[in-house]
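Survey of secondary and tertiary structure
The lines below spell out each chain.
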Amino acid sequence: MRNFDDLSEREMLALAIANEEEDGRIYADIAEGLRENYPSSAKVFIDMAAEENEHRRRLIDLFVSKFGEHIPLIRRQDIRGYIARKPIWQIRPLGVDAVRNRAAEMEQDAERFYRLAVARTSDAATRKLLGDLAEAEVKHEHLAADLEQRYLTADARHDEDEHARRRFILQIIQPGLVGLMDGSVSTLAPVFAAAFATRNPWEAFLVGIAASLGAGISMGFAEALADDGKLSGRGTPILRGAVCGLMTMAGGIGHTLPYLIPNFFTATVIACVVVVIELAVIAWIQWRYMDTPPLSAAAKVMLGGGLVLAAGVLIGSS
């Protein structure tokens, strides 16, 4: 690897060309990733990619006029201490706010590069072009704002925000809620049945851990295998399965942990309190994200949880 200060003028221009080409392709990748779900935002990044391509063309013209047709391949990763850009294909699905913030960081990095490059060259034409490009990168932030005003009308932004909310609910909230409900409710019967049958907190804890882990693995695979997300728009099955499985385990382990307390009565009282908290959280999520009336959500969840809890206590006490 080379230090930036060791680069010649020819090498700095070659690096600038590679940078502009990479940034242009990143913006094009962002636009492609947003095209289906956020078409208005995609147009913003299409125009920004065109700007980067124009910068690359100007740099190439200067390089050819000074150093000839061959442009050596010098990339960011060849320079010690240079910040590498993570490929867009590794961070999908794309979030609108995240890619806008990333675009702002890219423009700031590019401006910093051109400012440093200007200080490293004495050729008037090169200094002028690099200085102009540094100013252009500053203006890019204003360009992005202008493009957003042109393409992202109030209605378009509202539609994109609403679409993002629906995707979040389908891909995260819904599988997480299903898992939390299953873990919190279905494990009540075996945990409390074991507790009241043995009167041994440790035995109840082992049963609860086994039930929670088993339910989490089962629900995770069931969610991942049920739908590949292509037609339903529910996102990648691995993400949904992981969310569902982890929330299932969390729901079961919550009222299992109190049975680490040696005293049976104390452990059971705390476990019951935890159950009420879990059911209240489920009801709140249904109200917050599923538009379920709060009283209706609470009544249904508490009724279901109470019935399962009672079944476990009755079976364990018989």
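In this report, the structure presented in the accompanying data block is examined. Please read these numbers as outputs of a predicted model, since none were measured by experiment.

1. Some words on the nonpolar core
- One finds Phe192, Ala195, Tyr259, Ile282 and Ile285 to be the most contacted residues of the largest nonpolar core, which totals 22 residues.
- Per-element accounting of this core gives the leading share, eight residues, to helix H9 (residues 264–290).
- Excluding anything up to four places from it in sequence, phenylalanine 192 contacts Tyr259, Thr268, Ala271, Cys272, Val275, Leu309, Gly312 and Val313.
- Counting residues in each nonpolar core, the second largest holds 21 residues, with Leu15, Ile17, Leu59 and Ile79 among its members.

2. Things to note about the packing of aromatic side chains
- Evaluated as defined, the whole model comprises seven aromatic pairs.
- Where phenylalanine 196 meets phenylalanine 264, the ring centres are 5.5 Å apart and the plane angle is 85°; that geometry is what we call edge-to-face. On the criterion of sequence distance, the pair formed by phenylalanine 196 in helix H6 (residues 188–198) and phenylalanine 264 in helix H9 is long-range, its members being 68 residues apart. This pair shows no difference in class: phenylalanine 196 is buried, exactly as phenylalanine 264 is.
- Pairing tryptophan 202 with phenylalanine 205 gives two aromatic rings, centres 5.3 Å apart and planes at 25°, and the pair type is stacked. One end of the pair, tryptophan 202, and the other, phenylalanine 205, are both in helix H7 (residues 201–226), three residues apart, so they sit about a helical turn from each other.
- For phenylalanine 205, a relative accessible area of 11% corresponds to the buried category.
- Within the aromatic cluster, the residues linked to one another by ring pairs are Phe4, Phe113 and Tyr114.

3. Notes on the pattern of salt bridges
- Evaluation of the coordinates by the stated rule reveals twelve salt bridges.
- A salt bridge links glutamate 9 to lysine 66, with the nearest nitrogen and oxygen atoms 3.5 Å apart. A residue pair is termed long-range when its members are at least 10 positions apart, and glutamate 9 in helix H1 (residues 9–35) and lysine 66 in helix H2 (residues 39–67) qualify at 57 residues.
- For the salt bridge of aspartate 61 with arginine 57, the shortest nitrogen-to-oxygen distance reads 2.9 Å. One end of the pair, aspartate 61, and the other, arginine 57, are both in helix H2, four residues apart, so they sit about a helical turn from each other.
- A relative accessible area of 41% places arginine 57 in the partly exposed class.
- If you follow the salt bridges from partner to partner, you end up with Glu9, Lys66 and Asp123 in one network.

4. Observations concerning the environment of asparagine 19
- By the secondary structure assignment, asparagine 19 is in helix H1.
- Taking C-alpha positions, asparagine 19 is 7.1 Å from arginine 76, a pair spaced 57 residues apart along the chain.

5. Describing unusual backbone geometry
- A positive phi angle, near 55°, is found at arginine 199, a position not held by glycine.
- With respect to the secondary-structure elements, arginine 199 resides in the loop between H6 and H7.

6. Here's the deal with the side chain of glutamate 20
- Of note, glutamate 20 is situated in helix H1.
- Although glutamate 20 is buried, it makes no salt bridge; arginine 76 carries the closest opposite charge, 7.4 Å away.
- Not counting residues up to four positions away in its chain, the partners in contact with glutamate 20 are Glu52, His55, Arg56, Leu59, Tyr114 and Glu137.

7. Some remarks on helix H10 (residues 294–317)
- Look at H10: 34 Å from first C-alpha to last across 24 residues, which is about the 34 Å you get at 1.5 Å a residue.
- What H10 keeps buried is the set Ala297, Val301, Gly305, Leu309, Gly312 and Gly316.
- Each element contacted by the buried residues of H10 is listed here: H6 and H9.

8. A few points about H9
- In this model H9 runs 38 Å from its N-terminal to its C-terminal C-alpha over 27 residues, within 8% of the 39 Å that 1.5 Å per residue would give.
- The backbone nitrogen of phenylalanine 265 lies 3.1 Å from a side-chain oxygen of the residue at the head of H9, namely asparagine 263.
- One or two positions beyond H9, positive phi appears at aspartate 291, with a value near 55°.

Thresholds, definitions, all that
Residues numbered from 1 in each chain as written. Predicted model: local features only at pLDDT ≥ 70, side-chain atom pairs only at ≥ 80, totals over all residues. Heavy atoms only, no water. Core = buried A, V, L, I, M, F, W, Y, C linked by side-chain atoms within 4.5 Å. Buried < 20%, exposed > 50% of the residue type's maximum accessible area, 1.4 Å probe, protein only. Helix = DSSP H or I, 4+ residues; strand = E, 2+ residues; numbered from the N terminus. Contact = heavy atoms within 4.5 Å. Phe/Tyr/Trp six-rings, centres within 6.5 Å; stacked < 30°, edge-to-face > 60°. Salt bridge = Lys/Arg side-chain N within 4 Å of Asp/Glu carboxyl O. Lys, Arg positive; Asp, Glu negative; His and termini not counted. Expected span 1.5 Å × (residues − 1). Polar contact = N/O pair within 3.5 Å; in protein donor to acceptor, adjacent residues only side chain to side chain.

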